Amino acid sequence: GRNGYAATMEQRGDQECVTCYDIATGTLKWIYSHPARHRDKIALGRIGPRSTPTIHQSRVYAVGAVGNFVCLNGADGSLIWQKDLNEILGIVLKKVEDTDGLMMEFERNTSLAWGRSGSPLIVDDLVIVPGGGPDGLTRATLLAFNAQSGDLRWKGGTAMIAYGSPVLATIAGRRQILLTAESEAIGIDPSTGEVLWNHPRPGESDGGANTSQLTVLSDSDVLTSKGYSDGGGERIHLEEQAGKLIATSVWSSQKILKTKLTSPVIRDGYAWSLSNGFMECVRLSDGEQMWKRRGRFGHGQLLMVGNFILLHSESGELFLLDATPDEYRELGKFKTIEGVCWNTLCL
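Rules and cut-offs
- Residues numbered from 1 in each chain as written.
- Predicted model: local features only at pLDDT ≥ 70, side-chain atom pairs only at ≥ 80, totals over all residues.
- Heavy atoms only, no water.
- Pairing = 2+ DSSP bridges.
- Helix = DSSP H or I, 4+ residues; strand = E, 2+ residues; numbered from the N terminus.
- Axes fitted to C-alpha atoms, helices over the stretch in contact; angles between N-to-C directions.
- Phe/Tyr/Trp six-rings, centres within 6.5 Å; stacked < 30°, edge-to-face > 60°.
- Buried < 20%, exposed > 50% of the residue type's maximum accessible area, 1.4 Å probe, protein only.
- Lys NZ or Arg CZ within 6 Å of the ring centre and 35° of its normal.
- Contact = heavy atoms within 4.5 Å.
- Salt bridge = Lys/Arg side-chain N within 4 Å of Asp/Glu carboxyl O.
- Polar contact = N/O pair within 3.5 Å; in protein donor to acceptor, adjacent residues only side chain to side chain.

1. Some remarks on the sheet that holds strand 3 (residues 28-35)
(1) Moving on: Here 3 strands make up an open sheet; going across it, the order is 1-2-3 and the pairing antiparallel. The open sheet has two edge strands with one neighbour each: strand 1 (5-12) and strand 3. Neighbouring strand axes in the sheet, compared pairwise and without regard to direction, differ in orientation by 20° on average.
(2) Moving on: Here 8 bridges tie strand 1 to strand 2 (residues 15-22), and the two strands are oriented antiparallel to one another.

2. Re the packing of aromatic side chains
(1) Moving on: Within this structure, the stated rule accounts for 8 aromatic pairs.
(2) Moving on: On the numbers, 5.2 Å between centres and 85° between planes, the contact of Phe 69 with Trp 81 is edge-to-face. A residue pair is termed long-range when its members are at least 10 positions apart, and Phe 69 in strand 6 (residues 68-73) and Trp 81 in strand 7 (residues 79-84) qualify at 12 residues. Trp 81 carries the same exposure label as Phe 69, and that label is buried.
(3) Moving on: One aromatic cluster is present, formed by Tyr 61, Phe 69, Trp 81 and Phe 145 through successive ring pairs.
(4) Moving on: Stacked on the ring of Phe 278, the Lys or Arg Lys 292 has its end atom at 4.3 Å from the ring centre.

3. Some thoughts on the environment of Leu 321
(1) Moving on: With respect to the helices and strands, Leu 321 occurs in strand 28 (residues 317-322).
(2) Moving on: When its relative accessible area of 3% is taken as the criterion, Leu 321 is described as buried.
(3) Moving on: Separated by 12 residues in the primary sequence, Leu 321 and Ile 309 have C-alpha atoms spaced 5.0 Å apart.
(4) Moving on: When neighbours within four sequence positions are excluded, Leu 321 is seen to be in contact with Met 279, Asn 307, Phe 308, Ile 309, Leu 311, Tyr 328, Arg 329, Glu 330 and Leu 331.

4. Quick word on the pattern of salt bridges
(1) Moving on: One pass over the full model with this rule turns up 17 salt bridges.
(2) Moving on: Across the pair Asp 125 and Arg 153 runs a salt bridge whose closest N-O atoms are separated by 3.2 Å. Of this pair, Asp 125 sits in the loop between strand 10 (121-123) and strand 11 (126-132) while Arg 153 is found in strand 13 (residues 152-156), placing the two residues 28 residues apart along the sequence.
(3) Moving on: Classification of Asp 125 as partly exposed rests on a relative accessible area of 39%.

5. A word on the side chain of Gln 176
(1) Moving on: Relative to the assigned elements, Gln 176 resides in strand 15 (residues 174-180).
(2) Moving on: Separated by 3.1 Å, the side chain of Gln 176 and the backbone oxygen of Ile 171 make a polar contact.
(3) Moving on: When near neighbours in sequence (up to four residues on either side) are disregarded, Gln 176 contacts Val 167, Leu 168, Ala 169, Ile 171, Gly 187, Ile 188, Pro 190, Leu 196, Trp 197, Leu 238 and Leu 245.

Now the structure itself:
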């Protein structure tokens, strides 16, 4: 959101839309529509787009679930430039009629079953998005475009993507883009697209997928987390040796930080997360679990706000928690929406 307005994405029938609302009143200010409708083949992931737009210098950058990448004028939603990621990456879409009579689409020749979920990342004069594609020469982990013109500047990495967003950080003295790909954590040079390091992390983008961000813990360490049976948390240390970045595991555990659709929040040496539907707190020095709480949270979302945590449950209830490693301490809650909500929070 900017200046009292918020941009988001939504599905309206057979149109995939980027929308802008007045935050105070909920009034729709503008709408950009594109004929697209994503749903996975087995209908577990729900219909519609699943990424969050990025606002930068009065422009809105948005990635549709089946590859429509646009730069819009933030004032009125008019199209400045548009890219078809499928054309760049060699992706073929399959179209099938849905139960409601509308055509749905998904990637036919890749493992990205659940749609494009990563938000665009602005780095200097570039806008960078997760790539993907089938096995072969057209695949790229990240794509970098000139933010003003939309010209493709570089394609970086050959690892298949998953569902987290790229993050910019300086780790071990190297400015880099951090990303959890399909089955590895990875760092990429933002100027060239060169892969600086990678570290194995289990995952399949059509099954037990990596959806969480790589979380920065210090100027040398990052944290990965993941749901499913092969998931859990791992602290990774990065160190420069002979001009190369070397990644080593500090600790790893499949019992904690099983973040299916969310990412942990970090403060004062501790991580709080929704771990397979349980709320938990973990000590980051050694991966020790401080406490775990069962609740009707489902696969919701978290946001750290000062000394507090906002927890929004999958079923539409907002909790205010004290960010303490001592115990689960709930300060209040109220009902927000009906239905299933996997959306990230925005303050």
